[in-house]
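Analysis of the macromolecular model
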Amino acid sequence: LHQLRGNREKLAAFLLRFAETHDGSAARVAADLEKGDIDAVGRLAHSLKGTAGTIGAEGVSSAAADLLTAIRGQAGAAEIAARTDTLRAALTGFNE
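Computed from a prediction, not measured in an experiment: that's the story for all the values here.

**Here we look at the confidence of the model for the protein chain**
As a general rule, the predicted coordinates of low-pLDDT regions are not to be interpreted in detail. For the protein chain, per-residue confidence averages 86 on the pLDDT scale, and 93% of positions sit at 70 or higher. Ranking the helices and strands of the protein chain by mean pLDDT puts helix 4 (residues 58-72) first, with 95, and helix 1 (residues 8-22) last, with 79.

**Digging into the packing of helix 1 against helix 3 (residues 38-55)**
At a minimum axis separation of 10 Å, helix 1 and helix 3 run at an interaxial angle of 155°. Looking at the two axes, helix 1 sits roughly antiparallel to helix 3. The way helix 1 lies across helix 3 gives a crossing that is left-handed. Facing L11, F14, L15, F18 and H22 of helix 1, the residues of helix 3 in contact are L44, S47, L48, T51, A52, T54 and I55.

**Describing the side chain of T84**
Tracing the sequence through the fold places T84 in helix 5 (residues 77-95). A residue is classified by how much of its surface remains accessible, and T84, at 1% relative accessible area, is buried. The residues touching T84, leaving out its near neighbours within four places in the chain, are V29, L33, V41 and L67.

**Focus: helix 1**
Compared with the 21 Å implied by 1.5 Å per residue over 15 residues, the 21 Å span of helix 1 between its first and last C-alpha is a close match. Along helix 1, the residues classified as buried are L11, F18 and H22. Here the buried residues of helix 1 occupy an arc of 30° about the axis, which is enough to place them on one side. In helix 1, the exposed positions that point more than 90 degrees away from the buried face belong to E9 and E20.

**A word on the nonpolar core**
F18, L48, V60, L67, L87 and L91 are the most contacted members of the largest nonpolar core, which has 21 residues in total. Listed by contribution, the elements that provide at least two residues to this core are helix 1, helix 2 (25-35), helix 3, helix 4 and helix 5. Per element, the largest residue contribution to this core is 7 residues, and it comes from helix 4. In this structure F18 touches D23, L48, T51, A52, I55, V60, L91 and F94, once residues within four positions along its chain are discounted.

Calculation criteria
Residues numbered from 1 in each chain as written. Predicted model: local features only at pLDDT ≥ 70, side-chain atom pairs only at ≥ 80, totals over all residues. Heavy atoms only, no water. pLDDT = per-residue confidence, 0-100. Helix = DSSP H or I, 4+ residues; strand = E, 2+ residues; numbered from the N terminus. Axes fitted to C-alpha atoms, helices over the stretch in contact; angles between N-to-C directions. Parallel < 35°, antiparallel > 145°, perpendicular 65-115°, else oblique. Left-handed = near helix turned anticlockwise from the far one by under 90°. Contact = heavy atoms within 4.5 Å. Buried < 20%, exposed > 50% of the residue type's maximum accessible area, 1.4 Å probe, protein only. Expected span 1.5 Å × (residues − 1). Arc of directions from axis to C-beta. Core = buried A, V, L, I, M, F, W, Y, C linked by side-chain atoms within 4.5 Å.

Structure representation (structure tokens):
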């Protein structure tokens, strides 16, 4: 709410857009990882980091940032998979 200067209507619109846009993101990131498409995982993590941060979904934003850091740092497959699982859990918790 702070980032949106107290505009509750804008926050509601962002929350709705986030829910619509990122419904299925947990499954998509898992599928991309399974296919070995690290670039797609990174793009989704980057998108989630910014959007979730804007709406105050800090758990999702933080998990996405951690995954992005692992990808950019060329971490091993096990580390990327672990951070992907953390992001998936954060998304699932947000959507419930």
